Amino acid sequence: MFPAAKTAVLTAHGQPSAPEGQEKALARLAQQVSDLLPGWEIRSATLSSPGRLEQVMQDGALVYPFFMASGWFTSQVLPKRLQGFRYDQLPAFGLDPALPLFTADLLKQAFQPQPSSRVDKPALLLAAHGSARGPKAAEATERFAQVLRPLLPDQDVVTGYIEQAPRIADAAQKLPTGSLCLPFFAQSGNHVTSDLPSALREANFTGETLPTLGSQRGIARLISQALLQAALARNAPPSPG
């Protein structure tokens, strides 16, 4: 039986070519979560820093995957790296059921009011990684967009990907004036700082690109709530029978 959950490990992919920057960013997020959970110990480790995950891990911890989908890294890499430890792994950040409403509230503040006479609605370009390895990443993005659309009735929500079709450059072409691009990423690695701007320039996208979803204010609270719910579920008495 696991002990009461008071330790959590936030883990993300990080940036293999330069791991230090994303490691520090994840540590800052962990500190913000810790500030919201008195009495908890919130640790962090990216997979790109060799050995760090194993160093900060302990038996009984809750593992929070700061990923947008439950794909290869969360289903294969994490269990292999954590072999020998006893732990509970939460769903990936991008699958949090509270995330679409959080995002809708964020975007309603970001979109500028448009004249009522406009025929074309400004759009949201949800720019994501996708994957050439399998469908999980795109499936998570498309499910998220499907839930988000009725929450943003005044905007069209379109998706574009770095590693698969529809490519971001294709999806961003001819979007109406006033459109926004939201990077559907947990961290701001090279895909966000280099590949995404390059694709938007190719498409002549003139709208604003927001910070990554994982870097928005309020994400730490969303993570803290997920950890509390997981701890309550772990410590709940077993059902009779």
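For the structure itself, consult the block above.
As the structure is a computational prediction, the values presented were derived from the model and not from experiment.

Caption draft 1: Quick look at the overall build of the protein. The helix and strand tally for the protein stands at eight helices and eight strands. Since a compact globule built from 241 residues should have a radius of gyration of about 18 Å, the 19 Å found for the protein is in line with a globular shape. Per element, the accessible surface of the protein, about 12300 Å² overall, is 53% carbon and sulfur. Of the charged side chains in the protein, 21 are positive and 19 negative, and the gap between their average positions amounts to 3 Å.

Caption draft 2: Up close: the sheet that holds strand S8 (residues 208-209). An order of S6-S5-S7-S8 is seen for the four strands of this open sheet, with the pairing classed as parallel. Every other strand in the sheet has two partners, leaving strand S6 (156-161) and S8 as the edge strands with one partner each. Where strand S5 (residues 123-128) lies against S6, six bridges are found, and the strand directions are parallel. Pairing of Leu-125 across the sheet is with Val-158, part of S6. Taken strand by strand, helix H5 (residues 136-148) contacts S5 and S6, and its axis lies near 170° from that of S6.

Caption draft 3: Looking closely at the packing of aromatic side chains. A complete count under the given rule lists four aromatic pairs for this structure. Their ring planes at 20° and their centres at 6.0 Å tell us that Phe-67 and Phe-73 sit as a pair that is stacked. Residues Trp-72 and Phe-73 carry aromatic rings whose centres are separated by 5.1 Å and whose planes lie at 70° to one another, so their mutual orientation is edge-to-face. Three or more aromatic residues link up through ring pairs in this structure, and these residues are Phe-67, Trp-72 and Phe-73.

Caption draft 4: Fine view of the pattern of salt bridges. Counted according to the given criterion, the structure contains six salt bridges. A salt bridge links Arg-234 to Asp-88; the shortest N-O distance between them is 2.8 Å. In this pair, Arg-234 is assigned in helix H8 (residues 219-235) and Asp-88 in strand S4 (residues 87-89), connecting sequence segments 146 residues apart. On the accessibility criterion, Asp-88 (27% relative accessible area) is partly exposed. For Lys-121, the salt bridge goes to Asp-156, with nearest N and O atoms at 3.5 Å. Taken together, the residues span a long stretch of sequence, with Lys-121 in the loop between helix H4 (99-110) and S5 and Asp-156 in strand S6 at a distance of 35 residues. Note on Lys-121: relative accessible area 35%, which makes it partly exposed.

Caption draft 5: Main features of the sheet that holds strand S2 (residues 41-46). The strand order S2-S1-S3-S4 describes an open sheet built from four strands, whose pairing is parallel. Each edge of the open sheet carries a strand with a single partner, namely S2 and S4. Put simply, the sheet's adjacent strands are angled 25° from each other on average, direction ignored. Pairing analysis gives four bridges linking strand S1 (residues 7-12) to strand S3 (residues 61-65), with the strands arranged parallel. Residue pairing for S3: Ala-8 is matched across the bridge by Leu-62. Helix-sheet contacts for helix H3 (residues 72-81) involve S1, S3 and S4, and the interaxial angle to S4 is about 165°. Its contacts with the sheet put H8 on S1, S2, S3 and S4, and the angle it makes with S3 is roughly 140°.

Caption draft 6: Expanded view of the packing of helix H1 (residues 19-36) against H8. Where H1 contacts H8, the axes come no closer than 9 Å and their chain directions differ by 60°. Looking at the two axes, H1 sits oblique to H8. For the pair H1 and H8, the sense of crossing is right-handed. Residue-level contacts link Leu-29, Gln-32, Val-33 and Leu-36 of H1 to Ile-219, Ala-220, Arg-221, Ile-223, Ser-224 and Leu-227 of H8.

Caption draft 7: Structural detail: the nonpolar core. Ranked by size, the top nonpolar core spans 45 residues in total, and within it Phe-66, Phe-93, Leu-124 and Leu-227 carry the most contacts. Here the element with the most residues in this core is H8; it accounts for seven residues. When near neighbours in sequence (up to four residues on either side) are disregarded, Leu-227 contacts Ala-8, Val-33, Leu-37, Trp-40, Ile-42, Leu-62, Tyr-64 and Leu-90. Ranked by size, the runner-up nonpolar core spans 17 residues in total, among them Ala-127, Ile-168, Ala-171 and Leu-200.

Caption draft 8: Structural view of the pairing of S5. Within S5, six of the six residues are buried, which leaves the element mostly enclosed by the surrounding structure. Burial along S5 is two-sided: the face carrying Ala-123, Leu-125 and Ala-127 and the face carrying Leu-124, Leu-126 and Ala-128 are both buried. The parallel pair S5 and S6 is bridged by H5, and the resulting crossover is right-handed. Note: S5 against strand S7 (residues 180-183), four bridges, orientation parallel. If you follow Ala-127 over to S7, its bridge partner there is Pro-183.

Parameters and conventions
For every chain, the first residue of its written sequence is number 1, and the numbers climb from 1 along that sequence. Per-residue local features are limited, in this predicted model, to residues with pLDDT of at least 70; the limit for side-chain atom pairs, both in listing and counting, is 80 or more; totals at the level of whole chains, interfaces and linings are taken over all residues. Water and hydrogen atoms were dropped before computing side-chain values, which therefore reflect all heavy atoms in the structure. Only DSSP runs of H or I covering at least 4 residues are called helices, and only runs of E covering at least 2 are called strands; the numbering of each starts at the N terminus. In this setup the radius of gyration rests on C-alpha atoms only. A globule is expected at 2.2 Å times the number of residues raised to 0.38. Under the convention used here, a 1.4 Å probe and the Shrake-Rupley method define accessible areas, while residue burial counts only the protein chains that appear. Positive charges are assigned to Lys and Arg, negative charges to Asp and Glu, while His and the chain termini are left out of the count. Charge placement uses NZ in Lys and CZ in Arg. For Asp and Glu, CG and CD serve respectively. When DSSP finds two or more bridges between two strands, those strands count as paired. Note on definitions: a residue-residue contact is assigned when non-hydrogen atoms from the two residues lie within 4.5 Å. Lines are fitted to the C-alpha atoms to define the axes, a helix being fitted only along its stretch in contact, and any angle between axes, read from their N-to-C directions, falls within 0 to 180 degrees. Side-chain rings of Phe, Tyr and Trp (the six-membered ring for Trp) are treated as a pair once their centres are within 6.5 Å; stacked means planes under 30 degrees apart, edge-to-face means over 60, and tilted covers the remaining angles. When a carboxyl oxygen of Asp or Glu lies within 4 Å of a side-chain nitrogen of Lys or Arg, that pair is called a salt bridge. Here the term buried applies to any residue with accessible area under 20% of the maximum for its type, exposed to any over 50%, and partly exposed to those in between, with areas from a 1.4 Å probe on protein chains only. Any angle from 65 to 115 degrees is called roughly perpendicular, while one under 35 is roughly parallel, one over 145 is roughly antiparallel, and all others are oblique. Each crossing gets its handedness from the near helix: less than a right angle anticlockwise from the far helix is left-handed, clockwise is right-handed. The term nonpolar core refers to a set of buried residues drawn from Ala, Val, Leu, Ile, Met, Phe, Trp, Tyr and Cys, joined through side-chain atoms within 4.5 Å. A crossover counts as right-handed when, viewed with the strands pointing away from the observer, the path leading from the first strand over the helix to the second turns clockwise.

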